[in-house]
Structure formats: structure tokens, C-alpha cells
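This is what each chain is made of:
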Amino acid sequence: MLVIAITGGLGSGKTTVREILEDMGALGLDADELARRVVEPESEGARRVRKVFGGQFFDGEGRLDRQKMAQRVFSDQEARDLLESILHPLIKEEEARYLEEISKSKPDAVVVLEIPLLAEGGVKENYDRVVSVTADLETRIRRLFESGRYSRVEAEARIQSQATDEERASVADYIVDNSGERARTREQVAQIWRELQAARRD
Ligand code: ATP
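Conventions adopted
Residues numbered from 1 in each chain as written. Predicted model: local features only at pLDDT ≥ 70, side-chain atom pairs only at ≥ 80, totals over all residues. Heavy atoms only, no water. Helix = DSSP H or I, 4+ residues; strand = E, 2+ residues; numbered from the N terminus. Salt bridge = Lys/Arg side-chain N within 4 Å of Asp/Glu carboxyl O. Buried < 20%, exposed > 50% of the residue type's maximum accessible area, 1.4 Å probe, protein only. Axes fitted to C-alpha atoms, helices over the stretch in contact; angles between N-to-C directions. Parallel < 35°, antiparallel > 145°, perpendicular 65-115°, else oblique. Left-handed = near helix turned anticlockwise from the far one by under 90°. Contact = heavy atoms within 4.5 Å. Nonpolar A, V, L, I, M, F, W, Y, C, P; charged D, E, K, R; others polar.

Peer 1: Before we go on, may I ask you to explain unusual backbone geometry in this structure?
Peer 2: Most peptide bonds are trans, and most residues other than glycine sit at a negative phi. Phi at Glu42 is positive, roughly 75°, even though this residue is not glycine. In this fold, Glu42 is placed in the loop between helix 2 (31–37) and helix 3 (44–53).

Written as C-alpha cells, this is what we have:
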């Protein structure tokens, strides 16, 4: 098994690159999916978040309103650190469980995970290879705006609060420039895929 981390700033194209790798035969895992799993109703994560932040962040079925939670902690560093300290260990446990399962059931797999905050304090050593996805700032802001998830101002503020492309480059084995058309990105990813196949044979 080869475990590949895909990192990159907000709207850089992590999901896009993960999906291309999945098309090529990799087994993808969305970190966002892990983050959702650890706060499912009745879970340990949901219980701890409720205890610390209160029931107003949950709906009648015990589901965490992640959007509301994100708004609550966005401009409050202390609250963000607190939430992070609750969720991060649980997410890592979930990730380890998943990888353990795959290493047994599919030992030849190339597994790809999105790790948005790898340069901000993730553990690079947990992964065999790190791919950093970049795109110029204007392009990212425009794509995020067009996706309907953020206003331009919000997208820019979030991007500014993250690590820089230079910091991400320092933890990366490969860099994919996703500023251009998807076909250009696919070509770069195909090259990486060939190198990964060769690495697996060695
Ligand atoms: P987030 O940080 O929000 O998780 P991300 O890094 O996973 O984002 P994507 O979701 O892959 O980035 O891309 C952000 C947006 O830009 C999406 O709406 C996606 O469809 C679009 N997009 C990504 N790459 C390209 C491209 N090369 N050409 C055009 N649109 C693109």
C-alpha cells in the first residue's frame, strides 16, 4: 500500500486532483468525510463538542450544524484551537482505522487522502508521498465564488489565514499547478501516477 496525502489551500483543487487519481485507479478518502463521521449523532466527538460549545450547534436529531460551527470559530482563534483539539485526534484515529483496514484487504492499493492543513501542523511522516496543489490566488477566489460556497471577501480572508504555497512546497514531493484547464492538471497528475506505479514496483 502506498499512502498519498494531497494538500493545498482553500479552493486550490485538492478534490479535483483526488478525483483524477481515483479515475487512474487510486482509492480515495475524503478528509471531510472523516470529519463528518467523527461528529455523527451519538458519537464521542458530538458529545464532546456539545459539552464545550453547547447544544445550539446541533439540530433536533443531534446532527452538528458544521456551517454554524465554522462561523462560530472562524474569527476566534481560541475557540478554533479548542474545536481542533477535540476533533483532530478523533479524525486521526478514524483515518488510521481506515488505512489499517485497506492495508489488509487491498495491500496493493494506492490510497489518496486530502489533508488540507498538512503544512499547518500535520504529520508528513504519516504519508509515503505528499502532493501539493496550487493555483493562483485570483483563480482560486473566482472558482470558490463561482462554486457558490463563499463570497469573494470570505474566500480571500480564509485563504490569507492559511499556510502559503511556499510553506506547502517545503513538505511536498510533487506540486500540481491547477491554475489552468482541467486537462492540463490531468496531464501533470498522469505523470505523478506513472512515477507512483514505478515506485510501487521498486
Ligand atoms: P476546498 O478547499 O474548498 O476543499 P479544493 O482544494 O478541494 O477546495 P476543488 O473543490 O477541487 O478544490 O476546486 C475548487 C472549485 O474550483 C470547484 O468548484 C472546482 O469544480 C473548481 N475547479 C477546480 N479545478 C478547476 C480547473 N482546473 N478548472 C476549472 N474549475 C476548477
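Peer 1: Help me out: how do you make sense of the pattern of salt bridges in this one?
Peer 2: Should their charged atoms come close, side chains of opposite charge can pair. Overall, the coordinates contain 19 salt bridges when judged by the stated rule. With its nearest N and O atoms 3.1 Å apart, the salt bridge here joins Asp76 to Arg72. Arg72 gets classed as partly exposed once you look at its relative accessible area, which sits at 35%. Look at the salt bridges and you will find they share partners, linking Glu33, Arg36, Arg37, Glu94 and Arg97 into a network.

Peer 1: Please explain the packing of helix 3 against helix 5 (residues 77–105) as it appears in this structure.
Peer 2: In a packed pair of helices, the relevant descriptors are the angle between the two axes and the axis-to-axis distance. Here helix 3 crosses helix 5 at 165°, and the two axes come no closer than 10 Å. Here helix 5 runs roughly antiparallel to helix 3, going by the angle between their axes. Considering the relative orientation of helix 3 and helix 5, their crossing is right-handed. Here helix 3 contributes Glu44, Gly45, Arg48, Val49, Val52 and Phe53 to the contact with helix 5, which in turn contributes Ala79, Leu82, Leu83, Ile86, Leu87 and Leu90. The residue makeup of the contact of helix 3 with helix 5, split by class, is nine nonpolar, one polar and two charged.

These values are about where atoms sit, not about what they do.
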